[in-house]
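Structural characterization, general
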Amino acid sequence: MWRAVAAKAHGARTAAATAPPLARPSARLSRALSAGHLHAPKKAGLYDPAHEHDACGTGFIADLTGVRTHTTVLQALEAVENIDHRGAAAADGLTGDGVGIMTQVPHRFFKKKLAARGLSVDRDTDIGVGVMFMPQDRLGEAHATAKGIVEAAIAESGLRLLTWRTVPVGEYALGKDALATLPDIQHVIVERRGGISDAEFERRLYVVRRRIENRSKAAGIGDQLAIPSFSHRTIVYKGLVVAPNLRHLYPDLNDSDQQSSIALFHQRYSTNTVPMWGTAQPFRYLAHNGEVNTLQGNLAWMRMREETLKSSKFAETEFPDLLPVCQGGSDSADLDNVFELLVQAGRDPLHAMAMLVPEAYEGNTGMDADLRAFYEYQRTLMEPWDGPAALCFTDGRVAAASMDRNGLRPLRYWKTTAGKVICGSEVGVVDVPVEKILERGRLGPGEMIAVDVDAGQLLGNDAIKRRLSTRRPYRTWIDRSVRHVRPDIAGLNQVLSYDTIQRVLGPVTAVDAWGKEAPPSAVAAHESRQRLKKAFGYAKEDEELILRPMASTAHEPVGSMGDDAPLAALSHKPQLPYRFLKQRFAEVTNPPIDPLLERDRMSLSITFGRKGMLLEESQHASFLLRFPSPVITESQLSWLKGHEEFVAATLPTTFAADGVATVKTGIDDLCARAEAAVDAGASYLVLSDRTVSDKFAAIPAALAVGAVHHHLISCGKRMRASILVESGEPREDHHIAVLIGYGASLVEDGDGGEDGSALRAQQAAELAQWRRLLTAAAAL
């Protein structure tokens, strides 16, 4: 029955695609409806563009012979039509979530179009093509402004503008919603000048595009101009259309001179988000099925790196035009922006992908040492963009596919007797007889495949990783720049016994467990701890449900999934900031992440120290310490403070409790002191609430970390120093996660605000007593 329904729907769409052209709405209505539809709409009500995620179908077709044919383009269209069910359509049945293909620039096609205008180029590869989604009204002021910006940027780059070309569009293939937001689609065709190399030509086109985007925003028309591609290697055709109608939307694709040996395809599914012309895929390099669950952190760290970006591939005067690197729109678009920067700065596309979406290596004891060193080195430069992902990408020379570390999105591939490699989210995206399939396979977690059409090679995962890991002496570099901090290092293995922790938590009695009267110092220490518990908001439930279970089992307490506690915002009682914050996502995986997979694929280890320059690889790029966990002990903190390679600056996170000072004034003062410490050369900042007392109140740790983190970002100094938190406030794993998420690298729980000496003294006395008992028992 469902097949019949699907067939009827497909027939209705096809019939609609051949219907007479629909009337265009008025220019005024079009402008009103188009606002925010090329890019993500502005935040309004419950809608937030930060929540833009995709769940899609993707793949590529590549010809191992390197011969450009129209057949490859037609097969890509067939493939994207066969995954039409992975997208959705509006009520009109024709407005889709977004569909598109990316091919090599079809030289024969564009030479034919140029010849018709009396123009020519010396070599095919001298042609560069920009696909422009321009403001709708061609006679309007916004359109004229956009055109002027484009032409000025091209002239400044030293390239020659050959012509503008209005792209033929089959409006009958669009539904009324897509038609109302249809941009004026133009090709701007440029010519290489001055004998520059292919790589330099591509970089100039990249800089031109970024200048156009930034200047259009400054002119107030940034939401009416989008550039799907601007390259001399690749070109993108995409739109808000259902997949079977893509070939009708763009008659160009039916021209036999549209020839390519590589074609990426993508069908978007907008997960609870707004379909837009600009966020349809492929982007300039990527076609992405999945989502980036670490997006907010990735974006924040990318903004921080912008202050230190440097590359020999770009002139210093060009870098302001490249910022901000991430332009928003969706998680996939942001990932593509960073990928593009890495490639344009000189990295191989396979290298860039392995850097951004690495395979799990921390728990893989069987991994090759060179490959492990490669991943560890990349981690000193860039944190992973993590989440379920199947990624297909190309630079016009190599077509490749990659899987996330957990393998949570399917990707399969086939190699045929005709020399075609077909990769897709599903089996059967292209109709190929079984007898013509030479090889087939699927990508596992963290794996890659690549097709080099120039060399005529299909590269498997092992060959790719071997090439990446042996390109530079990463093992030597890592041995010089990263030190692993392990508990077996003398003085770093600090463990408190159950009885010791029970004594800290429990009341001090007149006579202890050994029959001795409690000394006054113990009573005073207990009273001090009780005051500190009140200062940091410890409740009886914290001790009974969290601290005691952790003390007895050495694990976080087990509870039910979800959070059924009353909302902190509705409480009349004082609440810690952590209670106002919730986890941003809950990832449901298929297959489920069991304990074995969790041990192999996930890690709590964290790097601490000076990270290297993102766009340059060097043996002296960084000097880092790697801790097995972001939670460290007091002895580890003392060891770190004495490390000769790092300069610490301890900043009290307290303010005078005199009725005059406020939390805000305390935070402002803390941020000023943090900036001054960084200027003075501090390698890391220790935000400490050790000085809390009846005269000084503590700034909540989450507020202190977040304020310092964002203040240093705003003044362009965040990458100069790490942040370490020394606090008696956090006691749950959620608290630690919040502190890490808001900018801390390490957290040292200060044992309820004390210096820990009382605990260590009790531990030493306890161990001595046990030794006496064991000696006495042995003598019996």
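The paragraphs below set out a description of the structure included in this document.

Definitions and limits used
Residues numbered from 1 in each chain as written. Predicted model: local features only at pLDDT ≥ 70, side-chain atom pairs only at ≥ 80, totals over all residues. Heavy atoms only, no water. Buried < 20%, exposed > 50% of the residue type's maximum accessible area, 1.4 Å probe, protein only. Helix = DSSP H or I, 4+ residues; strand = E, 2+ residues; numbered from the N terminus. Arc of directions from axis to C-beta. Contact = heavy atoms within 4.5 Å. Phe/Tyr/Trp six-rings, centres within 6.5 Å; stacked < 30°, edge-to-face > 60°. Axes fitted to C-alpha atoms, helices over the stretch in contact; angles between N-to-C directions. Parallel < 35°, antiparallel > 145°, perpendicular 65-115°, else oblique. Left-handed = near helix turned anticlockwise from the far one by under 90°. Nonpolar A, V, L, I, M, F, W, Y, C, P; charged D, E, K, R; others polar. Polar contact = N/O pair within 3.5 Å; in protein donor to acceptor, adjacent residues only side chain to side chain. 1 Å grid on protein atoms, 1.4 Å probe; cavity = no way out; pocket = protein on both sides within 12 Å on 5 of 7 lines; lining within 4 Å. Points joined across faces, edges and corners; volume = space filled by probe spheres on them. Salt bridge = Lys/Arg side-chain N within 4 Å of Asp/Glu carboxyl O. Pairing = 2+ DSSP bridges.

1. Quick word on helix α4 (residues 107-115)
Three or more residues of α4 are buried, namely His107, Phe109, Phe110 and Leu114. Taken down its axis, α4 places every buried residue within 160° of arc, on the same side. Exposed residues on α4 whose side chains face more than 90 degrees from its buried face are Arg108 and Ala115. Contacts made by the buried residues of α4 are with β3 (127-134), β4 (160-166), β5 (184-191) and β7 (234-239).

2. Considerations on the packing of aromatic side chains
Tallied over the entire structure, the rule returns 17 aromatic pairs. Ring centres 6.1 Å apart and planes at 45° place the aromatic pair phenylalanine 608 and phenylalanine 646 in the tilted group. With phenylalanine 608 in strand β18 (residues 606-610) and phenylalanine 646 in the loop between α20 (634-641) and β21 (648-652), the pair connects residues that are 38 residues apart, well separated along the chain. Judged by its relative accessible area of 1%, phenylalanine 608 falls in the buried class. Judged by its relative accessible area of 6%, phenylalanine 646 is buried. An aromatic cluster is defined as three or more aromatic residues linked by ring pairs; in this entry it consists of Tyr361, Phe374, Tyr375, Tyr377, Tyr474 and Trp477.

3. Some remarks on the packing of helix α21 (residues 663-679) against helix α22 (residues 701-714)
Remark: α21 packs on α22, axes separated minimally by 9 Å, with the N-to-C direction vectors making an angle of 50°. Comparing their axes, α22 and α21 come out oblique. Judged by the twist between their axes, the crossing of α21 over α22 is right-handed. Where α21 abuts α22, its residues Val663, Ile667, Leu670, Cys671, Ala674, Glu675 and Val678 lie against Leu703, Ala704, Ala707, Val708, His711 and Leu712. Of the residues that constitute the contact of α21 with α22, the class distribution is 11 nonpolar, one polar and one charged.

4. Points about the environment of aspartate 184
With respect to the helices and strands, the residue aspartate 184 is situated in strand β5. Separated by 49 residues in the primary sequence, aspartate 184 and proline 135 place their C-alpha atoms 6.0 Å from one another. Apart from the residues lying within four places of it in its own chain, the contact partners of aspartate 184 are Met132, Phe133, Met134, Pro135, Gln136, Arg138 and His143. A distance of 2.7 Å separates a polar atom in the side chain of aspartate 184 from a polar atom in the side chain of histidine 143.

5. Some remarks on empty space enclosed by the protein
This structure, assessed with the given rule, holds four cavities of 30 Å³ or more. Its boundaries defined by the atoms lining it, the largest cavity holds a volume of some 100 Å³. Looking at the lining of the largest cavity, its residues break down into three nonpolar, four polar and five charged.

6. Considerations on the environment of serine 603
For serine 603, the location among the structural elements is in the loop between α19 (595-601) and β18. Here serine 603 falls in the partly exposed class, since its relative accessible area comes to 35%. Separated by 242 residues in the primary sequence, serine 603 and tyrosine 361 have C-alpha atoms spaced 9.2 Å apart. A polar contact of 3.0 Å, which involves the side chain of serine 603, links it to the side chain of serine 605.

7. Concerning the pattern of salt bridges
Two side chains that carry opposite charge are able to pair once their charged atoms sit near each other. Counted under the stated rule, the structure contains 38 salt bridges. Note that arginine 690 and glutamate 726 form a salt bridge whose closest N and O atoms lie 3.1 Å from each other. Separated by 36 residues along the polypeptide, arginine 690 in the loop between β23 (684-688) and β24 (696-698) and glutamate 726 in strand β25 (residues 722-727) bring together distant segments of the chain. What makes arginine 690 partly exposed here is its relative accessible area of 23%. Put simply, Arg209, Arg210, Glu213, Arg284 and Glu340 are held in one network by salt bridges that share partners.

8. Looking at the sheet that holds β3
Strand order in the open sheet formed by four strands is β4-β5-β3-β6, and the pairing between neighbours is antiparallel. What marks the edges here is a single partner per strand, and that holds for β4 and β6 (226-231). Geometrically, the sheet is characterised by an average inter-axis angle of 15° between neighbouring strands, direction not taken into account. Summarising the sheet, β4 and β5 pair through six bridges and their orientation is antiparallel. If you follow threonine 163 over to β5, its bridge partner there is isoleucine 189.

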